[in-house]
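Inside the fold
Residue strings, one per chain:
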Amino acid sequence: MALYPNLIIDALRTVRYPGTGKNIVEMGMVNDDMRIDGMKVSFSLIFEKTTDPFIKSVVRAAEVAINTHVSPEVDIKGNIAVVTRQQAAPKAAQAVLPGVKNIIGVSSGKGGVGKSTVAVNLAVALAQLGYKVGLLDADIFGPSIPKMLGIEDAQLYMRQEGEQSLIVPAEQYGVKTLSIGFVIDKDKPALWRGGMASNALKQLITQGDWGELDYFVIDMPPGTSDIHLTLVQTLAITGAIVVTTPQEVALADARKGVNMFLSDHVEVPVLGIVENMSWFTPASHPTEKYFIFGKDGGKNLANALGVSLLGQIPMVASICKGGDDGTPVTLQNSVSGQSFIALAHAVVEAVDTRNLTMPPSHKVETH
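Residues numbered from 1 in each chain as written. Predicted model: local features only at pLDDT ≥ 70, side-chain atom pairs only at ≥ 80, totals over all residues. Heavy atoms only, no water.

It is worth spelling out the side chain of Glu63 at this point. Looking at the element boundaries, Glu63 is found in helix α2 (residues 55–69). Look at Glu63 and you get buried, because its relative accessible area is 7%. Those residues in contact with Glu63 that sit more than four places away from it in its chain are Ile76, Lys77, Gly78 and Ile80. (Helix = DSSP H or I, 4+ residues; strand = E, 2+ residues; numbered from the N terminus. Buried < 20%, exposed > 50% of the residue type's maximum accessible area, 1.4 Å probe, protein only. Contact = heavy atoms within 4.5 Å.)

What follows covers the sheet that holds strand β3 (residues 80–84). Judged by pairing direction, the sheet is mixed, and its three strands sit side by side in the order β1-β2-β3 without closing on themselves. Of all strands in the sheet, those bounded by a partner on one side alone are β1 (35–37) and β3. Neighbour-to-neighbour, the strand axes of the sheet open up by a mean angle of 20 degrees, direction not taken into account. Summarising the sheet, β1 and strand β2 (residues 40–47) pair through three bridges and their orientation is antiparallel. Across the sheet, residue Asp37 finds its bridge partner in β2, namely Lys40. Taken strand by strand, α2 contacts β2 and β3, and its axis lies near 145 degrees from that of β2. (Pairing = 2+ DSSP bridges. Axes fitted to C-alpha atoms, helices over the stretch in contact; angles between N-to-C directions.)

This brings us to a nonpolar patch on the surface. Judged by side-chain polarity, Phe280, Tyr290 and Ile292 come together as a nonpolar surface patch covering roughly 290 Å² of accessible area. Its location among the elements puts Ile292 in the loop between β12 (270–280) and α8 (297–305). (Patch = residues over 30% accessible without salt bridge, like charges linked within 9 Å, V, L, I, M, F, W, Y side chains within 5 Å. Areas by Shrake-Rupley, 256 points an atom, 1.4 Å probe, with all protein chains shown as cover. Salt bridge = Lys/Arg side-chain N within 4 Å of Asp/Glu carboxyl O.)

For the rest of this paragraph, the subject is the packing of helix α3 (residues 115–128) against helix α10 (residues 335–357). Interaxial distance between α3 and α10 falls to 8 Å at its minimum, and their mutual angle equals 80 degrees. Comparing the axis directions of α3 and α10 gives the class roughly perpendicular. Across the interface between the two elements, Thr117, Val118, Asn121, Leu122, Ala125, Leu126 and Gln128 from α3 touch Phe340, Ile341, Leu343, Ala344, Val347 and Val348 from α10. (Parallel < 35°, antiparallel > 145°, perpendicular 65-115°, else oblique.)

Considering all chains together, one arrives at three aromatic pairs under this definition. Plain terms: the ring middles of Trp210 and Phe216 are 4.7 Å apart, the flat faces sit at 65 degrees to each other, and that makes the pair edge-to-face. Of the two residues examined, Trp210 and Phe216, each falls in the buried class. (Phe/Tyr/Trp six-rings, centres within 6.5 Å; stacked < 30°, edge-to-face > 60°.)

Within the structure shown, the criterion is met by six salt bridges. Between Asp219 and Lys115 there is a salt bridge, and its shortest N-O distance comes to 2.7 Å. With Asp219 in strand β10 (residues 213–219) and Lys115 in helix α3, this pair connects stretches of sequence that are 104 residues apart. Judged by its relative accessible area of 0%, Asp219 falls in the buried class. Asp209 is the partner of Arg159 in a salt bridge, and the nearest nitrogen-oxygen pair spans 2.8 Å. You can see Arg159 sitting in strand β6 (residues 157–161) and its partner Asp209 sitting in the loop between α5 (194–206) and β10, a full 50 residues away along the chain. Its relative accessible area of 18% is what places Asp209 among the buried residues. Here the salt bridges share partners, and the residues they tie into one network are Arg159, Glu161 and Asp209.

The next point concerns α3. Since the α-helix advances by 3.6 residues per turn, residues separated by three or four positions end up pointing in the same direction. Between its terminal C-alpha atoms α3 stretches 20 Å, which fits the 20 Å expected from 14 residues at 1.5 Å a residue. For α3, a buried count of 13 out of 14 residues is recorded, marking the element as mostly surrounded by other parts of the structure. (Expected span 1.5 Å × (residues − 1).)

A word on helix α1 (residues 5–12). Within α1, the full set of buried residues consists of Ile8, Ile9, Ala11 and Leu12. Across the axial projection of α1, the buried residues extend over an arc of 160 degrees, all falling on one side. Elements in contact with the buried residues of α1: β2 and α2. (Arc of directions from axis to C-beta.)

Read these as spatial facts, not as claims about activity.
Encoded structure:
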């Protein structure tokens, strides 16, 4: 059985503080310091003062609630600490990933435009250029990164650092990678509610042993969802890349994606647009271009929105085959491979410009 914070929180909602009729969650008594290590759960409860006469009974009720409503196998007895309001005052905010210099979100307004292909090849291209790179598959419901990197059968390991258990990312082609695809059956759908998906994603981010990285690339789910909100509330994202194809239906959704990042509620800088499947080039005629989905749609959208066009990626069979075989096309010295190397150079330049001209990013605060 996999434990998630929401499972514990839901159980604690059944515990009422004597004489109030309110549960300890709605009273704000559950501190934001929950840690889950296998079946061991620990956290602290916040009381107004150390002389509160109900401390022991509330702690005991919380233990019973978790063993009753979650599982009797949860190791909770003796793991609930008691603090006062003053002790629980928030400390100075620390970066979630202090060793990571730049966090890049790769997004798309709709599925099927090759977002994951762009994310994978961008990450590999950056590694090819000599940068330290991490790749997070945040597409919780449709993880494809393990297959595209040829590491579907990779086994994840835990490393202990002090009291914290860290998840060691799989590494392929010089890129450190974590995906929910490593821990679920690849042939079955992930039937998770939004809260469970968000908590699983947070665990991959905060418990990942990412170390020192120049670029942390996040393959976001398509569209706009609570997963996107989870990411911007958990990480200070340096900038976002929006992937589209030239066709009008994709461009309309791409526009929404750009506006989401630039909105007052999110305020994540948009590094630029990548136009994927810009034209078809037959392998036997590498100089020919056929604009199957329209011409320059992504370029025109970038101009209209006042953002950069980072690259135009052709549609060639080798890109699709590389994703299916687990050997990204960036590894090949081909026209399509070079297009992703050029994209990586453009992204590096865009990030440098963003960092020179704009203040550091901050997590989105909720109120």
